[in-house]
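If you want the building blocks of each chain, they are given just below.
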Amino acid sequence: MRARETGEGGPPSWQRRALVLMVWALVLLCGALQIARTQFSADLSAFLPKSPDVRQQVLIEQLQSGVASRTLMLGIEGGASVEQRAAVSRAVAKSMRESRLFDLIQNGDTGDWSEAGTWVFEHRYQLSPGVRPEQFTAEGLRDAIYETLSMLGTPAGNAIKPLLDRDPTGETQRIAVELTPASAPRSEDGVWMSRNAPRALMIATTRAAGSDLDAQAVAIARVHAAFDAATQGMAEADRPKLLLSGPPVFSVLSRDKIKTEAIHLAIIGGIVMGGLLLLAFASPRALVIAFLPVATGVVVGTAAVSVVFGSVHGMTLGFGSTLIGETVDYAIYYLIQARGAAVAGTGWARWREVHWPTVRLGLLTSVCGFAALVFSGFPGLAQLGVFSIAGLVAAALATRYALPMLAPDGATGMGMRKYMAHAAGMLVRGLPRLRWVLAGLGAAALVLVIWQGGHLWRADLGAMSPVPKSAQQLDEMLRADIGTGDGSTLVVVYGADEETALRNTEAATARLDTLVDKGELGGFEAVTRVLPSIATQAARLASLPEGETLRTRLAEATQGSPLPAARLGPFLADVEAARKLAPVRRTDLAGGPLGSVVNTLMYQRPGGGWSTLVVLHPGAKFDARRLEAALAGVPEVQVVDVGRELAGLYQRYLHEAFVQVLLGALAVVVLLGLYLRSGRRLLAVCQPLLFAVVLTLGGMAVLQVPLGILHLVGLLLIVAVGSNYALFFDQLRMAGRADEDTLASLMLANLTTVVSFGLIAISDIPALSSIGRVVAPGALLALLLSAAFARRVVPTPPARG
């Protein structure tokens, strides 16, 4: 019965082979189809909590769809002349507007605002903050008219003079001042120019949400295409160059860089490991078979994340390349340990009976470790957990079921394994003599780690970003040139509907005006300057006196004035007409440049209701805490200090990860205890893993490497990979003698793991590099320590292949 169950009577039948391989191929096909439909993301919001508090929710909304996540900054630098840069700027802006991919495009060119200017002029008594009852008394009218007349001698006089008869109180001028950014660049030849370099400037916001990276990539490509078209035919020496920066650029760059790096690492790692495996097996067929569990693990892991989360973060994709290091171990164990069957075609059955339980236990310990991450409150960390579990289980099952169908007796060639077996034997004989030395080093490392304490874990969320320093410096330069608002402090105002959000915003901006007067704010931009609440518009129109009353007051106000009342008939007519205007609503502005301004600063919240964003331009005396105090009591207002909030989030993130890793480690110990049913064996298995982790941490402390979340994930991987080594040595210890084929398989598996994670350690992606720098030395230590702490294991000659 047992022989029939295990198949010891011969190799698997062709029917069984066909069935298993068809099922396996179907799983791969389904996984590949799921991946083809998958959306890949790279925004840091995946590493923000999925159950955020109010302030964290503000951050998440801004990172995913807020104006900050959709803002592009352009510089057109160099070229032949100012006129050329201005012409290119106008051409690029025109092309971008025609694409309808952008909400707001500003380059200082007012040509496209003529229609909007007419509309503002017609609605000036609803939009101007100067329209108050006291402004339309005789005294108020006199003061306003004299103020307007005084402006005629200034550069703005040419714009004011044609409007004087219809707008003597200067409401249009007042609105224009309100709409001018607090720190706009200088204008030359009709467009914005840098004050410090030969560079035309532009700022734009995309229509698509910041989290929609495909749409952001399309918008960025459109900018490049517009620039290429605008500079086509120019001599190379006279051709200006395009500088482009902003969060959409960073997000798309990060996604592409992670994707490219993951592919490169997988290719390079595959080539290097392929060479090692070829040397070890001396068989191209065995080499191909060894990579099948790896491919299965990566495909199933990625597809599982896609199904569970709806998208795959670039960081998870990069993490997938690290899975090669562990999943290839399963194939190595099988291909070497299944050799030497007494009856041809039955090596797979012997492997399942003797070695599979150990591999299975190692797999279960890995699953226990990573299961803790699945329940993380941070989607990014949970994705790593799901990916690891699904990938490892799929790779192990592919090894357990598919590989015996392809190579029933493992890899028959000897290759370099004879020398590996000899080297492994020497290590097994020699390393136990060093165990007290290694134990002493472990104790010293533990003291160092405890002494450094929290200082050791001082990396921050920014350390995970793959954006190069040069790109960050370009961003800072363009921001300084354009004078964009300060993104380090956000003021977000809520409301159950549009009108409530606008009224709350007006209440908040009234407090901010006080800070501007004190010099704490250089200025701010709010949607209510373009779209006041209906209540405010109604109050302003109610301030306008009836025709006869206004005529009487105007006559009194203009006595002795160079602007006689007789010239102001158009003004009287306009005021009378304004009294009958309907309130301006958001939909009235759609399609025009003012609508773009509104869309940039006002948005419907995903969970219902409306929000507005107040963009701050801090002054020299700015203090975020005084800003919070000034806005205290204003309904539905949140002030978010982005740096402070991200630092707090990261600490919470790190704390949660620590708890999860400890819970995962505890689950591993409990599982091992249940299986081994011996305190001594449990200690023997856990001892090398503990020392490997401590020595790795000690090495990082000596090298002064700031540790973070992904280093912690790397420590979990050491336990996952190292548990296989420790369990095999426990198996050999129980047998009292070591089959050198088994030792060779451990050495080869460890070599491929160390090489794989060593390549990742030199990656340009900080997140991948963090994992590689921890796992490469940690996995090597786990093998050496497992050998060092293994007693009474006598190497025996390898089986003949």
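This is a predicted model, so every value here is computed, not measured.

1. Considerations on the overall build of the protein chain
1) Next: From N to C terminus, the protein chain includes 30 helices and 15 strands.
2) Next: By principal-axis analysis of the C-alpha atoms, the protein chain measures approximately 120 × 55 × 50 Å.
3) Next: Taking all 801 residues of the protein chain together, the buried fraction comes to 55%.
4) Next: Taking the intrachain contacts of the protein chain between residues at least 6 apart in sequence as the baseline, contacts between residues at least 24 apart amount to 82%.

2. Some details on the nonpolar core
1) Next: Membership of the largest hydrophobic core comes to 115 residues, with the highest contact counts inside it found for L672 and F729.
2) Next: Looking at this core element by element, the count peaks at 17 residues for helix α28 (residues 709-735).
3) Next: Each residue touching F729, except ones within four places of it in the same chain, is listed here: V428, L743, L746, L783, S786, A787 and A790.
4) Next: Counting residues in hydrophobic clusters, the runner-up holds 29 residues, among them V58, A116, L490 and V530.

3. What about the environment of V374?
1) Next: You can see V374 is positioned in helix α15 (residues 356-374).
2) Next: Beyond its immediate sequence surroundings of up to four residues, V374 is in contact with A382, G385, V386 and I389.

4. Examining helix α22 (residues 547-557)
1) Next: Among the residues of α22, those classed as buried are L550, L554 and A557. The arc enclosing the buried residues of α22, seen along the axis, measures out at 60°, which places them on a common side. Turned more than 90 degrees away from the buried face of α22, the exposed residues are E548 and T552.
2) Next: Contact partners of the buried residues in α22: α7 (138-150) and α23 (569-578).

5. Brief notes about the pattern of salt bridges
1) Next: Applying the stated criterion across every chain yields a total of 23 salt bridges.
2) Next: D574 is the partner of R166 in a salt bridge, and the nearest nitrogen-oxygen pair spans 2.8 Å. Pair noted here: R166 is in the loop between α8 (157-160) and α9 (171-179) and D574 is in helix α23, with a separation of 408 residues, a long-range link.
3) Next: Note on D574: relative accessible area 17%, which makes it buried.
4) Next: For D481, the salt bridge is made with R199, and the minimal N-O distance between the two is 2.2 Å. Taken together, the residues D481 in helix α19 (residues 469-482) and R199 in strand β6 (residues 199-206) connect sequence positions 282 residues apart.
5) Next: Residue R199 is classed as buried on the basis of its relative accessible area, which comes to 5%.
6) Next: Residues joined by salt bridges that share partners form a network here, namely E77, R199, K241 and D481.

6. Re the confidence of the model for the protein chain
Interpretation of the predicted coordinates at a detailed level should be avoided for regions scoring low in pLDDT.
1) Next: Of the residues in the protein chain, 91% reach a pLDDT of 70 or more, and the chain-wide mean stands at 84.
2) Next: Low confidence marks residues 1-8, where pLDDT is under 50. Its contacts with residues over four positions away, or in another chain, come to 11 contacts.

7. Some thoughts on unusual backbone geometry
1) Next: Of note in the backbone geometry, D189 takes a positive phi value of approximately 55° without being a glycine.
2) Next: Of note, D189 is situated in the loop between β4 (186-188) and β5 (191-193).
3) Next: You will see that Q704, though not glycine, has its phi angle at about 60°, which is positive.
4) Next: With respect to the helices, strands and loops of the structure, Q704 is situated in the loop between α27 (679-702) and α28.
5) Next: Note on Q704: relative accessible area 43%, which makes it partly exposed.

8. As for empty space enclosed by the protein
1) Next: Under the definition given, this model contains two cavities of 30 Å³ or more.
2) Next: Its boundaries defined by the atoms lining it, the largest cavity holds a volume of some 80 Å³.
3) Next: Those elements giving two or more residues to the lining of the largest cavity turn out to be α17 (417-430), α29 (740-761) and α30 (766-788).

9. Here we look at helix α20 (residues 498-517)
1) Next: Here α20 spans 28 Å end to end across 20 residues, near enough to the 28 Å set by a 1.5 Å rise per residue.
2) Next: What α20 keeps buried is the set E499, A501, L502, N504, T505, E506, A508, T509, L512 and L515.
3) Next: Between a side-chain oxygen at the N-terminus of α20 and the backbone nitrogen of E499 the separation is 3.3 Å; the capping residue is D497.
4) Next: Just beyond α20, the residue with positive phi is G519, at close to 85°.

10. Thoughts on the environment of I762
1) Next: Tracing the backbone shows I762 in the loop between α29 and α30.
2) Next: Each C-alpha atom of the pair I762 and G772 lies 7.8 Å from the other, and the pair is 10 residues apart in sequence.

11. What to know about the state of the cysteines
1) Next: Applying the stated criterion across every chain yields a total of zero disulfides.
2) Next: C368 forms no disulfide, and the closest cysteine sulfur to it belongs to C686, at a distance of 12 Å.

12. Points about the environment of G523
1) Next: With respect to the helices and strands, G523 occurs in strand β10 (residues 521-525).
2) Next: For the pair formed by G523 and V58, sequence separation is 465 residues and the distance between their alpha carbons is 22 Å.

13. Re the packing of α15 against α28
1) Next: The contact between α15 and α28 brings their axes to 9 Å, and the two run at 155°. With respect to their mutual orientation, α15 and α28 come out roughly antiparallel. For the element pair α15 and α28, the recorded crossing hand is right-handed. For the pair α15 and α28, the contacting residues are T358, V359, L361, G362, L363, T365, S366, G369, F370 and L373 in the first and L716, L717, A720, S723, N724, L727, F728 and Q731 in the second.
2) Next: For the contact of α15 with α28, the residue count by class is 10 nonpolar, eight polar and no charged.

14. Structural notes on the packing of aromatic side chains
We describe a pair of aromatic rings using the distance from one ring centre to the other and the angle between the two ring planes.
1) Next: For the structure on display, the rule yields six aromatic pairs.
2) Next: Ring centres of Y334 and W351 lie 5.0 Å apart, and the angle between their planes is 85°; on these two criteria the pair is classed as edge-to-face. Placement of Y334 in helix α13 (residues 314-337) and of W351 in helix α14 (residues 347-354) is noted, with a sequence separation of 17 residues between them. Side by side, Y334 and W351 carry an identical accessibility label, which is buried.
3) Next: Ring centres of W457 and F658 lie 4.8 Å apart, and the angle between their planes is 75°; this geometry places the pair in the edge-to-face category. In this pair, W457 is assigned in the loop between α18 (435-452) and α19 and F658 in helix α26 (residues 642-676), connecting sequence segments 201 residues apart.
4) Next: By relative accessible area, which is 12% here, W457 ends up buried.

15. Some points on the pairing of strand β3 (residues 102-106)
1) Next: For β3, the tally of buried residues reaches four of five residues, placing the bulk of the element in the interior.
2) Next: Of the strand pairs in this sheet, β3 and β6 are connected by four bridges, and their pairing is antiparallel. Within β6, the residue paired with I105 across the bridge is A204.

16. Section: the side chain of S769
1) Next: The topology assignment puts S769 in helix α30.
2) Next: With sequence-adjacent residues up to four places away left out, S769 is seen in contact with I760, A761 and S763.

17. Some points on the packing of helix α4 (residues 82-99) against helix α10 (residues 213-230)
1) Next: Between α4 and α10, the least distance of the axes is 9 Å, while the angle of their chain directions is 135°. It follows that α4 is oblique to α10 by the angle criterion. Both α4 and α10 take part in a crossing whose hand is right-handed. From α4, V88, A91, V92, S95, M96 and S99 reach across to α10, where they touch R222, V223, A226, F227 and A230.

Cut-offs and rules
- Residues numbered from 1 in each chain as written.
- Predicted model: local features only at pLDDT ≥ 70, side-chain atom pairs only at ≥ 80, totals over all residues.
- Heavy atoms only, no water.
- Helix = DSSP H or I, 4+ residues; strand = E, 2+ residues; numbered from the N terminus.
- Buried < 20%, exposed > 50% of the residue type's maximum accessible area, 1.4 Å probe, protein only.
- Contact = heavy atoms within 4.5 Å.
- Core = buried A, V, L, I, M, F, W, Y, C linked by side-chain atoms within 4.5 Å.
- Arc of directions from axis to C-beta.
- Salt bridge = Lys/Arg side-chain N within 4 Å of Asp/Glu carboxyl O.
- pLDDT = per-residue confidence, 0-100.
- 1 Å grid on protein atoms, 1.4 Å probe; cavity = no way out; pocket = protein on both sides within 12 Å on 5 of 7 lines; lining within 4 Å.
- Points joined across faces, edges and corners; volume = space filled by probe spheres on them.
- Expected span 1.5 Å × (residues − 1).
- Polar contact = N/O pair within 3.5 Å; in protein donor to acceptor, adjacent residues only side chain to side chain.
- Disulfide = S-S within 2.5 Å.
- Axes fitted to C-alpha atoms, helices over the stretch in contact; angles between N-to-C directions.
- Parallel < 35°, antiparallel > 145°, perpendicular 65-115°, else oblique.
- Left-handed = near helix turned anticlockwise from the far one by under 90°.
- Nonpolar A, V, L, I, M, F, W, Y, C, P; charged D, E, K, R; others polar.
- Phe/Tyr/Trp six-rings, centres within 6.5 Å; stacked < 30°, edge-to-face > 60°.
- Pairing = 2+ DSSP bridges.

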